[in-house]
Protein chains: 2
Amino acid sequence: MTPPPARVGQPATEIDTPALVIELNAYERNLDRMARGVAAYPGVRLRAHAKTHKCAVIARHQIARGAVGVCCQKVGEAEALVDGGVDDVLVSNEVVGRAKIERLVALAKRAAVGVCADDAGNLRGLNSAAGAVGVQLPVLVEVDVGAGRCGVAPGPAAVALARAIAESPNLRFAGVQAYQGKAQHLYDADQRRAAVDEVNRQTAAVVQLLREAGLPCAVVTGAGTGTWQFEAGGGVFTEVQAGSYVFMDADYGRVDGFPREFEQSLFVVTTVMSRPTPGRAVLDAGLKSLAVDSGPPLVHGRPGVDVVAVNDEHTILSVADPASGPRLGEQIWLVPGHCDPTVNLFDWYACVRNERVEALWPIVARGAVQ
Amino acid sequence: MTPPPARVGQPATEIDTPALVIELNAYERNLDRMARGVAAYPGVRLRAHAKTHKCAVIARHQIARGAVGVCCQKVGEAEALVDGGVDDVLVSNEVVGRAKIERLVALAKRAAVGVCADDAGNLRGLNSAAGAVGVQLPVLVEVDVGAGRCGVAPGPAAVALARAIAESPNLRFAGVQAYQGKAQHLYDADQRRAAVDEVNRQTAAVVQLLREAGLPCAVVTGAGTGTWQFEAGGGVFTEVQAGSYVFMDADYGRVDGFPREFEQSLFVVTTVMSRPTPGRAVLDAGLKSLAVDSGPPLVHGRPGVDVVAVNDEHTILSVADPASGPRLGEQIWLVPGHCDPTVNLFDWYACVRNERVEALWPIVARGAVQ
């Protein structure tokens, strides 16, 4: 783990760069907005997605504001969060392989831990490991409602898998997960709504099938920052798994509609390390501090200064007006292109309020990919 | 730091995934090939680029085979490497800001540490910090020979900066760095040679100008895996900074000519975590284990199984022949799209020889971006 980039109490201008910075006022407003927003839908709770922030401090803030718990994608993330004081974690993903399953059931002895499944053979592994340590593991059937990734079809296959869970002595059928990741980043609200109308329709149908089979769903979980109001308002989901709303990013900035209510609270703070020509500045952050899978970062609060390229260790900026252009050594704040994989590059959040470092939070699940 | 993904002695099939794996036979052949290759050019030494591997063990292997030392891009990387037993490190980049410069000169008391510069104001900061701790810091002038990134123009500006270094009591003018990063990944050998012909021409001219000004260059450093033979054979460079040759990646696999002599030795080993349809398999590695800035990873040794998409936590594969397609739980080895930023996602190399884990090497400079 690298050392923290600042000391508490320092001015933000003294943060060593590149550093991952949370602007705390915007961050807290985002948490409050989502907590109030979800509370307006009776029977729906937030299960905040911790794969975005990988931080036990933030997970506890979300739970303190009413989230039922968090979800994450990896057993290693769940371990780090439980060790950090989070007591309800859904692994919103399949867990395959004996070593990982043994870690999962060990964790389920210490906290409320659930998991998803889409394969009957996998269930046998889960059941046997759970029995060996004496836990009854909650398992959700993952259904594919259009994402084209994991999950069984939301018809008889889902009922068969749910029944297999219910009939496994050491497993408990907990409900279904129906997540349509592709819908989150459709920029147009009508397109997102149409995609989620289909999600809601298919999910309602499979929940009905399960109920008719004597397998009622205690939990129906899914959704994300881009679409959560559509799932929450559809009458079938009981949990929304939004994650990015905490931070936002350049790509979510292009999504219209209600996600716009959330503010950018996450920044990669950089320094101008070279001013080789009047029209060019070079920053000390590159691909090892900025994920570019969803496009490059954006320069924050510096009109006329734009990202031209992101190299391994440098970001190259164009400077429209050299007279007011950034000087060597100046801090430049960037809005990351995609928050989740950018967070995964850093070991610390430097948390800033009113231009001063107020806290340093470790990203305890950074790199916890196993 | 995450726990290692394996135990020494385990079969490779038991490595927990996703994991970063070095195939040691290919790795050692790559080290030997480059050592022999550079030795064929009198007056030229390898200064291996450690930004690729971020590992003190590998740096020591390179030095044991004749490298004059290593280079890296960040003070934090240099600190981790020196702490790991590497005694000659060039920071092949500008170091800007008081805190970073103080760390740089502190390190220069413990090892042979040099740095690049392209700004006279920056030199004053370096000189003053070096004086404060009583070291004489070697400084190279970075010249821009076509990369359009950092560096002064290779003419009178370079001479003026070199003179300013030579006249700074606590700095020593050590030579020039001329690196053309864009040339490395031109797939066509003739295009690469043409780009480096221009690099050699401009670099020779500035070295001549400096000599005429009474500022002889002890070191002329640059080049990379894609072009190193062109710089090494051009008669002006004394050091080649190749890094990727150790591992290679999917993008270097598209570069023709002599880089093809190096073998793929780096893999991200994954597991099939879902087999939702006969034509689709899903792997347990996504953007948090695979950098996609230079394109997606490639499936290794599995014809008819191809990468369709890389999501945050999953890679989706198409399976042409479901009958022989990968089964749930099977390991799939991927060739990373781009080695450097992929390495930076992991804390450990699991080193494999003859299908067995032989060593676990910590990636000590992972995340050392400051």
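Residues numbered from 1 in each chain as written. Chains lettered and ligands numbered in written order. Predicted model: local features only at pLDDT ≥ 70, side-chain atom pairs only at ≥ 80, totals over all residues. Heavy atoms only, no water.

Colleague: Go over unusual backbone geometry, please, and point to the residues and values.
Modeller: Here the bond from Thr17(A) into Pro18(A) is cis, since omega is -5°, no more than 30 degrees from zero. Positive phi is not limited to glycine here, since Met248(A) has a value of about 65°. For Met248(A), a relative accessible area of 4% translates into the label buried. Positive phi values are uncommon outside glycine, yet Glu355(B) reaches one of about 70°. Along the chain, the position of Glu355(B) falls in the loop between strand S16 (348-353) and strand S17 (356-362). Given a relative accessible area of 61%, Glu355(B) falls into the exposed group. (Buried < 20%, exposed > 50% of the residue type's maximum accessible area, 1.4 Å probe, protein only. Helix = DSSP H or I, 4+ residues; strand = E, 2+ residues; numbered from the N terminus.)

Colleague: Account for the sheet that holds strand S4 (residues 88-94) of chain B, with residues named and values stated.
Modeller: What links the strands of a sheet is backbone hydrogen bonding, and the strands pair in either a parallel or an antiparallel sense. Residues and elements named next belong to chain B. Taken in spatial order, the eight strands of this closed barrel run S2-S3-S4-S5-S6-S7-S8-S9, and their pairing is parallel. The sheet contact formed by strand S2 (residues 45-49) and strand S3 (residues 69-72) spans three bridges and is parallel. Residue His49 lies in a different strand from S3, and its bridge partner there is Cys71. (Pairing = 2+ DSSP bridges.)

Colleague: Residues and numbers for the sheet that holds strand S5 (residues 112-117) of chain A, please.
Modeller: Residue and element names in this part refer to chain A. Sheet architecture is closed into a barrel: eight strands sit in the order S2-S3-S4-S5-S6-S7-S8-S9, paired in parallel fashion. In the sheet, strand S8 (residues 219-222) pairs with strand S9 (residues 239-240) via two bridges, with the strands oriented parallel. In the strand pairing of S9, Thr221 is matched with Glu239. On top of the sheet, helix H5 (residues 120-133) reaches S5, strand S6 (137-142) and strand S7 (171-177); it is set at about 170° to S6, its chief contact. (Contact = heavy atoms within 4.5 Å. Axes fitted to C-alpha atoms, helices over the stretch in contact; angles between N-to-C directions.)

Colleague: Quick rundown of the packing of helix H4 (residues 98-108) of chain B against helix H5 (residues 120-133) of chain B? Include the residues and the values.
Modeller: The packing of two helices is summarised by the inter-axis angle and the distance between the axes. Residues and elements named next belong to chain B. Where H4 meets H5, the closest approach of the two axes is 9 Å, and the angle between their N-to-C directions is 45°. Considering the angle they form, H4 stands oblique to H5. Between H4 and H5 lies a crossing of right-handed hand. Contact with H4, carried on its side by Ile101, Leu104 and Val105, involves Asn122, Gly125, Leu126, Ala129, Ala130 and Val133 of H5 and no other residues of that element. Tallied by class, the residues present in the contact of H4 with H5 amount to seven nonpolar, two polar and no charged. (Parallel < 35°, antiparallel > 145°, perpendicular 65-115°, else oblique. Left-handed = near helix turned anticlockwise from the far one by under 90°. Nonpolar A, V, L, I, M, F, W, Y, C, P; charged D, E, K, R; others polar.)

Colleague: Hey, could you go over the interface of chain A and chain B for me, with residue numbers and the actual values?
Modeller: On the chain B side, the residues contacting the 58 residues of chain A number 58 residues. Both faces considered, chain A and chain B share a buried interface measuring about 4,500 Å² in area, 51% of it formed by carbon and sulfur atoms. Considering only the side of chain A, the residues that lose the most area to chain B are Arg149(A), Lys288(A) and Gln370(A), jointly responsible for 15% of the buried surface there. Asp144(B) serves as the salt-bridge partner of Arg280(A), at 3.6 Å between the closest nitrogen and oxygen. Our count for the chain A to chain B interface comes out at 30 residue pairs in polar contact (both at pLDDT 80 or more). Within the residue set of the side of chain A that touches chain B, elements represented by two or more residues are strand S4 (88-94), helix H4 (98-108), strand S10 (266-277), strand S11 (280-283) and helix H10 (339-343) of chain A. When residues in the side of chain A that touches chain B are grouped by element, the largest group, five residues, is from S10(A). Residues that form the side of chain A that touches chain B fall into these classes: 20 nonpolar, 17 polar and 21 charged. (Buried area = accessible area lost by both parts, 1.4 Å probe. Salt bridge = Lys/Arg side-chain N within 4 Å of Asp/Glu carboxyl O. Polar contact = N/O pair within 3.5 Å; in protein donor to acceptor, adjacent residues only side chain to side chain.)

Colleague: An account of the relation of the copies chain A and chain B is requested, with residue identities and associated values reported.
Modeller: For the pair chain A and chain B, the superposition axis carries a translation of 0.0 Å, the fit reaches an RMSD of 0.0 Å, and the rotation angle comes to 180°. Put plainly, the chains are arranged around a two-fold axis. Looking at the rotation axis and the C-alpha trace of chain A, the residue lying nearest is Met1(A), at 2.7 Å. Looking at the interface residues of chain A, 100% of them are also at the interface in chain B, so both copies use one shared face. (Least-squares fit on C-alpha atoms with pLDDT ≥ 70 in both.)

Colleague: Give me the confidence of the model for chain A: which residues, what numbers.
Modeller: Looking at chain A as a whole, the pLDDT averages 97, with 100% of positions reaching at least 70. Model confidence for the complex is summarised by a pTM of 0.97, with the ipTM given as 0.97. (pLDDT = per-residue confidence, 0-100.)

Colleague: Before we move on, could you go through the side chain of Glu239(B) and cite the residues and values that matter?
Modeller: All names here are of chain B. With respect to the secondary-structure elements, Glu239 resides in strand S9 (residues 239-240). Its relative accessible area of 6% is what places Glu239 among the buried residues. A distance of 2.8 Å separates polar atoms of two side chains, one belonging to Glu239 and the other to Arg47. Here the side chain of Glu239 touches Thr221 through a polar contact of 2.9 Å, side chain to side chain. In contact with Glu239, other than residues within four places in its own chain, are Arg45, Arg47, Val68, Val219, Val220, Thr221 and Gly222.

Colleague: Residue-level account of the pairing of strand S3 (residues 69-72) of chain A, with values.
Modeller: Residues and elements named next belong to chain A. Because side chains alternate across S3, one face comprises the buried residues Gly69 and Cys71, and the other comprises Val70 and Cys72, equally buried. Regarding topology, helix H2 (residues 56-64) serves as the crossover connection from strand S2 (residues 45-49) to the parallel S3, and that connection is right-handed. One ladder, built from three bridges, connects S3 with S4; its direction is parallel. Residue Cys72 lies in a different strand from S4, and its bridge partner there is Val91. Crossover S3 to S4 through helix H3 (residues 75-83) is right-handed. (Right-handed = clockwise from strand over helix to strand, strands pointing away.)

Colleague: Any details on the nonpolar core? Residues and values, ideally.
Modeller: Core analysis: the biggest nonpolar cluster contains 213 residues, and Tyr349(A), Trp361(A), Tyr349(B) and Trp361(B) have the highest contact counts within it. A per-element tally of this core places helix H8 (residues 189-212) of chain B first, with six residues. If we ignore the near neighbours within four places in the chain, the residues touching Trp361(A) are Ile22(A), Leu24(A), Tyr27(A), Cys55(A), Val57(A), Ile58(A), His61(A), Asp347(A), Trp348(A), Tyr349(A) and Cys351(A). (Core = buried A, V, L, I, M, F, W, Y, C linked by side-chain atoms within 4.5 Å.)

Colleague: Lay out helix H6 (residues 156-166) of chain A with the relevant residues and their values.
Modeller: All names here are of chain A. Considered for burial, the residues of H6 that qualify are Ala158, Val159, Leu161, Ala162 and Ile165. When H6 is viewed along its axis, its buried side chains cluster within an angular range of 165° and face the same direction. Buried residues belonging to H6 abut S5, H5, S6, S7 and helix H8 (189-212). (Arc of directions from axis to C-beta.)

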